[in-house]
Amino acid sequence: MTVLADRFGRIATDLRVSLTDRCNLRCTYCMPAEGLAWMPQPQQLTDDEVKRLVRIAVEQLGVTEVRFTGGEPLIRRGLVSIIAEAARLDPRPKLSVTTNGIGLDRIAAPLRDAGLDRVNVSLDTLDPARFHTLTLRDRHADVLTGLRAAVTAGLTPVKINTVLMRGVNDDEAPALLRFALDHGYQLRFIEQMPLDAQHQWDRREMVTAEEILAALAPFGLQPDNVSRGTAPAETWLIPGHVDAAGEPARVGVIASVTRPFCGDCDRTRLTADGQVRNCLFATEESDLRKLLRDGATDSQIADAWRVAMWGKRAGHGIDDPAFLQPVRPMSAIGG
Ligand code: SAM
C-alpha cells in the first residue's frame, strides 16, 4: 500500500465524505435564505460509487477513519447502507457522522446497527427563538431530541459543534458548556472560517479562541496533557466534572483561523460529486467521478487520489494577503 502522502511529510488517514450539498437548515453564516443551486442529481455520486471510493481509500490508501457529512448527511437516503458497507471493510475504519441532528431520533439505532461509531451534532444556541433566527427553521426541539437519541443508541461520545458569532450567540459559551456537561456531551467551539456561500466572513467579526476561553474562565479550565495528535480541537480539562464514560470532562476549541494546525493535518476530502479536495481551502480539485464513470480500475483511481494529495499546500493561507476563498462553500465541501 502507498499512502496519501504530501510533500511536507503529512499522511492523510482521515477521510471526510460529503454525501449531499443539500441541507434542511439555512444557517445564516453558511448559506442564503433561499438556499443554493443544488448539485444536479446525475452529478452526485451514487451510493455504489461512494462505497467504492471509500473502499479504495481504506484498502489501498491507508485511510483509517471516515466521517460522513454534507450538506446534511441524514437526508441522504442511502446513508445506512453506505455506513454498513464501510463497516464491513478490512481493516475496519472508525465511522462517524456530522449532522445537525434533525431526524437522528429515527435513524440513530439503524445507523448504530449498521456500524456507525459516533456522531457530531451541530448546535449553536440553547434558545429556540435564537435557533430560528440563526437557521431560519423552527427545529430546535428536533436537534435536542436527536442529541438524546444519539446517546440512547450508544453513538458516543456525542460531540457538539458550536460556532459562536459576535452579537448573535457569543454570550452563550458558558451556558452551552454547562448544558453539555449536564448531558454528557463533549462540546467543541469552532472558529468561524471564510467558507460561507455569501462571502461575508469578516475576520474582525470572528469570535476568537482567546475570547472563547476567556468566556469559559469561570470553569477554571486546565491544560489537557493528553497529546492532541492530529485532532483539530485543542482540549481543556474541566475540574470537578467527568464525562459519560467517567473520564475527566473536556471542552475543545478548533481555532482554525487564529491557531492553525495545518502542519498536523491528516485529512482528505471527497465532495458529493466525487472531487477530491486536499484542503478545506483548496482552490483546485481532482475529479474521481470522471475516472469512475470512464471505467478506471481501483488502482488508477488510487493513483489519482495520491497525486491529488501530493499537491496539498503547507497551510490554508487565510493570513496570506493573496488568500482567495474557495468557490465551493462549506455546505458543498463537507464540514
Ligand atoms: N449539516 C451538518 C451539520 O450541521 O453538522 C454537516 C455540515 S455543516 C457544514 C458542518 C459544520 O460546519 C457545522 O458544525 C457548522 O456549524 C460548521 N460550519 C458551517 N460554516 C462554517 C464556517 N464558515 N466556519 C466554521 N464552521 C462552519
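The rules behind these values
Residues numbered from 1 in each chain as written. Predicted model: local features only at pLDDT ≥ 70, side-chain atom pairs only at ≥ 80, totals over all residues. Heavy atoms only, no water. UniProt positions renumbered as here; feature names shortened; annotations may be inferred. Axes fitted to C-alpha atoms, helices over the stretch in contact; angles between N-to-C directions. Helix = DSSP H or I, 4+ residues; strand = E, 2+ residues; numbered from the N terminus. Parallel < 35°, antiparallel > 145°, perpendicular 65-115°, else oblique. Left-handed = near helix turned anticlockwise from the far one by under 90°. Contact = heavy atoms within 4.5 Å. Nonpolar A, V, L, I, M, F, W, Y, C, P; charged D, E, K, R; others polar. Phe/Tyr/Trp six-rings, centres within 6.5 Å; stacked < 30°, edge-to-face > 60°. Buried < 20%, exposed > 50% of the residue type's maximum accessible area, 1.4 Å probe, protein only. Pairing = 2+ DSSP bridges.

As recorded by an unreviewed UniProt entry, the protein chain carries the name GTP 3',8-cyclase and is attributed to Actinoplanes sandaracinus. Turning to the protein chain, the UniProt record has this under Function (unreviewed entry): "Catalyzes the cyclization of GTP to (8S)-3',8-cyclo-7,8-dihydroguanosine 5'-triphosphate." Word for word, the UniProt comment on the protein chain under Subunit (unreviewed entry) is "Monomer and homodimer."

Chemist: Would you explain the packing of helix α3 (residues 104-114) against helix α5 (residues 140-152) in this entry?
Modeler: Helix packing for two helices is described by the angle between their axes and how far apart those axes are. The geometry of α3 relative to α5 is characterised by a closest axis approach of 8 Å and an angle of 20° between their N-to-C directions. Judged on the interaxial angle alone, α5 and α3 are roughly parallel. Here the hand of the crossing between α3 and α5 comes out right-handed. Counted together, L104, D105, A108 and R112 of α3 and T145, G146, A149, A150 and T152 of α5 form the full contact between these two elements. Across the contact of α3 with α5, the residue classes tally to four nonpolar, three polar and two charged.

Chemist: Help me understand the packing of aromatic side chains in this model?
Modeler: Scanning the model with the defined rule gives two aromatic pairs in all. For the ring pair F179 and Y185, a centre distance of 5.8 Å and an interplane angle of 45° mean the geometry is tilted. Neither F179 nor Y185 differs from the other in exposure class; each is buried. Summarising the aromatic geometry, the rings of F281 and F323 are spaced 5.9 Å apart at their centres and angled 65° between planes, so their arrangement reads as edge-to-face. Taken together, the residues F281 in the loop between β13 (275-277) and β14 (286-287) and F323 in the loop between α9 (298-310) and α10 (330-333) connect sequence positions 42 residues apart. A relative accessible area of 3% means that F281 is categorised as buried.

Chemist: What should I look at first to understand the UniProt feature "binding site: [4Fe-4S] cluster 2" (unreviewed entry) in the protein chain in this one?
Modeler: UniProt's feature table lists "binding site: [4Fe-4S] cluster 2" (unreviewed entry) at C262, C265 and C279, given in the numbering used throughout. With the annotated positions falling across 18 residues, the maximum pairwise C-alpha distance of 9.1 Å places them together in a single cluster. By the secondary structure assignment, C262 is in the loop between β11 (248-254) and β12 (267-270). In contact with C262, other than residues within four places in its own chain, are R10, A314, G315 and H316. Tracing the backbone shows C265 in the loop between β11 and β12. Assessed through its relative accessible area of 15%, C265 is described here as buried.

Chemist: Is there a simple way to think about the sheet that holds strand β5 (residues 94-99) in this case?
Modeler: The strands making up a sheet associate through hydrogen bonds between their backbones, and the pairing can be parallel or antiparallel. Spatial ordering of the open sheet is given by β9-β10-β11-β8-β7-β6-β5-β4-β3-β12-β13-β14, a layout of 12 strands whose pairing is mixed. Of all the strands in the sheet, just β9 (222-223) and β14 have a single pairing partner and so form its edges. Strand direction decides the pairing type here: β5 and strand β6 (residues 118-122), joined by four bridges, are parallel. Bridging from a neighbouring strand, T99 pairs with V121 of β6. Contacts from helix α6 (residues 173-183) reach β7 (159-163), β8 (186-190), β10 (234-242) and β11 within the one sheet, and its direction differs from that of β8 by about 150°. Of the strands in this sheet, β3 (14-18), β12, β13 and β14 touch α9, which is tilted by about 120° from β12.

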